[in-house]
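Architecture and fold: a report
Letter by letter, the chains look like this.
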Amino acid sequence: MVVQICIGSSCHLKGSYEIVELFQAALQEHALEERVTLSGSFCIGKCNREGVTVQVDDTVHTGITPDGFPAFFETYILNKL
Amino acid sequence: MRKFDTKIQHLKYKVLREVARLAWEGKLMEKVTDIPETLVPGPKATMRCCIYKERAILAKRVGLAMGGNRENKNVIEVISIACDECPMGGYEVTGACRGCLAHRCEDVCPRGAITFDDQQKAHIDKTKCVECGACAKVCPFSAITNHKRPCQNACKVKAISMDENKAALIDNDKCIACGACVYQCPFGAISDKSYILDAIDLIQKGENNQKYKVYAVVAPTISSQFAYAKLGQVITGIKELGFYTVVEAALGADMVAAAESRELAEKGFLTSSCCPGFVAYIEKNFPDLMPFVSHNLSPMATISRYLKETDPDARVVFIGPCTAKKAEVQKEEVSPYVDAALTFEELQALFDSRELDITTMEEGVLDNASYFGRIFARCGGLAEAVAQGLKEQGLEDFELKPVSCDGIEECRVALLKKSKNLLDANFIEGMACVGGCIGGAGCLTHGPKDKSQVDKYGKEAFEKTITDAIRVLNCE
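These numbers were taken from a predicted model, which means no experiment stands behind them. (Residues numbered from 1 in each chain as written. Chains lettered and ligands numbered in written order. Predicted model: local features only at pLDDT ≥ 70, side-chain atom pairs only at ≥ 80, totals over all residues.)

A look at the overall build of chain A
Across its full length, chain A holds three helices and four strands. Ordered by position from N to C terminus, the α and β elements of chain A give β-α-α-β-β-β-α. Residues classed as buried in chain A amount to 35% of the 81 residues present. Across chain A, the fraction of contacts at a sequence separation of at least 24, relative to all contacts at a separation of at least 6, is 58%. (Helix = DSSP H or I, 4+ residues; strand = E, 2+ residues; numbered from the N terminus. Buried ≥ 20, exposed ≤ 12 C-beta atoms within 10 Å, placed from the backbone. Contact = placed C-beta atoms within 7 Å.)

Okay, here's the thing in structure tokens:
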């Protein structure tokens, strides 16, 4: 599974790095570093009012915030593996 | 508000705008020969002796707007018929000579080149004169002036002479493509080649960024440009042109600052590699110092490489203040990463070719780089960033002694000293243009406010340190 986290200017200002850190910690916690490839992307083209855009394989998710991250990780990462 | 410093820039812009307009419409090949007449409808000449010469010169400008002579490797080219063959007689006595009694000019002349006619007016014997200028300095009426061509005066690397017809001639073995002559020639007879057609072609063939994405990488100098609009509006305008997104070259500068400070601490002496004019100058004049040039790519190439690593299909167009970048992107080690380089002049022409009024647009955002990456745009910024890079990476034991060279003449002096082992510094920041990139020939405007604009833009950065700015890039 490839997870691209948007680091374009718009998402960057809404906390891309926090989401990157949360992803890194969650992958480590579940020992999934081998199964999920994390990468950055300059703009996924879905700039949102709130949160960061994350693309999981071919599906784009918008509005990911630190608060919503645990639920997002369970539903769209763990569940899809 | 005026968009350009000089009327020459405006003329060049009008040609670029027309070429771009036809290219977007797919009618360039059909209508290219109409452009001179569109721009000079006549019947009265406004620039030269007649409208026919005006149109002939415009036809040459159209050629340069379309990439110029591909056989000539230099990105800077002379339009011979536009050259006014300015006098270059050196020191001459003007009508302001009063025929005084003091004759200080005669006394100071080391070669006895000054004589007087029966009106007591001075004359310089050109067979004896060595152009030292002593006479001009002592004349109380400032009656002796130095006739030097503006292009030659601007060209501190002495690459310009004249051909058999007295038109300017560029020695490509000396030229560093800085564009100083392009900006200074009052007749617009020297110009940088434009690659706007390459950029338009990339955008069009990408079919709305569906087939591949076209990224615009913009130089931090942009903060001192387009003063008639807000920076965020310029960013939106660039996207409206069809670019997928806009990325700061300053983030590449943060990456360079981190890597270059480590390289410096390891090697003990370095010269910067960000300015392509400076690097070309070392290559051509101080080849023995080439091993000291930082092995880092420039910020433009560094961020573009990152873009192509994360999106292998990406196409990258750099937009900046610099004509020498057009030469840099042709280099073997850079060409895989950057597909075309444009100037701010050309960006303005592109906006207007599509009739985009950026002042009415919403403000987009441009924010990834730190203060330190952004201040690369002005002289001194690079050295400041390297000092910060050393500090952030715990390399403070290395005692940084930088020398920031403002313009190619200061670069020459520092390199000369280094070649003789007389330089009391361990890092040379070389900027070919006076002021740094904000003095670049491809800037729309050059003014005293530009430096403070860059500093202000730097302070607005969301990320405060180099480490903060680049941490997100290493997320794998």
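Here the narrative resumes.
Describing the packing of helix α1 (residues 7-25) of chain B against helix α4 (residues 51-65) of chain B
All names here are of chain B. Contact pair α1 / α4: the axes reach a minimum separation of 9 Å and the direction vectors enclose 60°. Judged by the twist between their axes, the crossing of α1 over α4 is right-handed. Contact with α1, carried on its side by Lys12, Val15, Leu16 and Val19, involves Leu58, Arg61, Val62 and Ala65 of α4 and no other residues of that element. Class assignment of the residues belonging to the contact of α1 with α4 gives a composition of six nonpolar, no polar and two charged. (Axes fitted to C-alpha atoms, helices over the stretch in contact; angles between N-to-C directions. Left-handed = near helix turned anticlockwise from the far one by under 90°. Nonpolar A, V, L, I, M, F, W, Y, C, P; charged D, E, K, R; others polar.)

Some details on the nonpolar core
Residues and elements named next belong to chain B. Counting 155 residues, the largest nonpolar core has Val19, Ile196, Tyr215, Val217, Phe318, Leu342 and Ala432 as the members making the most contacts within it. Looking at which element gives the most residues to this core, the answer is helix α11 (residues 249-267), with ten residues. Among the domains, domain 1 (7-85 + 150-194) and domain 3 (197-474) are the pair contributing at least three residues each to this core. When residues no more than four places from it in sequence are discounted, the contact partners of Ile196 are Leu16, Val19, Ala20, Ala65, Leu342, Glu346, Ala349 and Leu350. Counting residues in each nonpolar core, the second largest holds eleven residues, with Tyr91, Ile114, Ala122 and Cys135 among its members. (Core = buried A, V, L, I, M, F, W, Y, C linked by C-beta atoms within 7 Å. Domains from an automatic or database assignment.)

Comments concerning the interface of chain A and chain B
Contact residues are listed per partner, giving 16 residues for chain A and 17 residues for chain B. Its residues assigned to classes, the side of chain A that touches chain B shows eight nonpolar, eight polar and no charged.

Considerations on the sheet that holds strand β13 (residues 340-343) of chain B
Two modes of strand pairing occur in sheets, parallel and antiparallel, and in both the strands are linked by backbone hydrogen bonds. Residues and elements named next belong to chain B. With respect to topology, four strands assemble into an open sheet ordered β10-β9-β12-β13, the strand pairing being parallel. Only two strands of the sheet have a single partner each, and these edge strands are β10 (245-248) and β13. The sheet shows a mean angle of 30° between the axes of neighbouring strands, direction not considered. One ladder, built from four bridges, connects strand β12 (residues 315-320) with β13; its direction is parallel. Across the sheet, the residue bridging to Phe318 is Ala341, located in β13. Lying on the sheet, helix α9 (residues 196-205) is in contact with β9 (214-218), β12 and β13; it crosses β13 at an angle near 120°. (Pairing = 2+ DSSP bridges.)

What about the sheet that holds strand β3 (residues 52-56) of chain A?
Residue and element names in this part refer to chain A. Strand order in this open sheet of four strands is β2-β1-β3-β4, and the pairing throughout is mixed. The strands lining the two open edges of the sheet, one partner per strand, are β2 (37-41) and β4 (59-64). On average, adjacent strands in this sheet sit at an angle of 25° to one another, irrespective of strand direction. Helix-sheet contacts for helix α2 (residues 16-29) involve β1 (2-6), β2, β3 and β4, and the interaxial angle to β1 is about 155°. Across the sheet, helix α3 (residues 69-77) lies against β3 and β4, angled at about 170° from β4, the strand it touches most.

Digging into the pairing of β3 of chain A
All names here are of chain A. Pairing analysis gives three bridges linking β1 to β3, with the strands arranged antiparallel. Paired with Ile5 across the bridge in β3 is Val54. Strand direction decides the pairing type here: β3 and β4, joined by four bridges, are antiparallel. Paired with Val56 across the two strands is Thr59, which belongs to β4. Here β3 folds back onto β4 in antiparallel fashion, the turn holding two residues, of which Asp57 has a positive phi close to 50°.

Quick word on the domain arrangement of chain B
Residue and element names in this part refer to chain B. When cut into domains, chain B gives domain 1 (7-85 + 150-194), domain 2 (90-147) and domain 3 (197-474). Measuring from the centre of the C-alpha atoms in domain 1 to the corresponding centre in domain 3 gives 26 Å. At the junction of the two partners, domain 1 supplies 27 residues and domain 3 supplies 24 residues. Broken down by secondary-structure element, the contributors of at least two residues to the side of domain 1 that touches domain 3 are α1 and α8 (180-184). Of all the elements, α1 adds the most residues to the side of domain 1 that touches domain 3, at nine residues. Across the side of domain 1 that touches domain 3, the residue classes break down as 15 nonpolar, four polar and eight charged.

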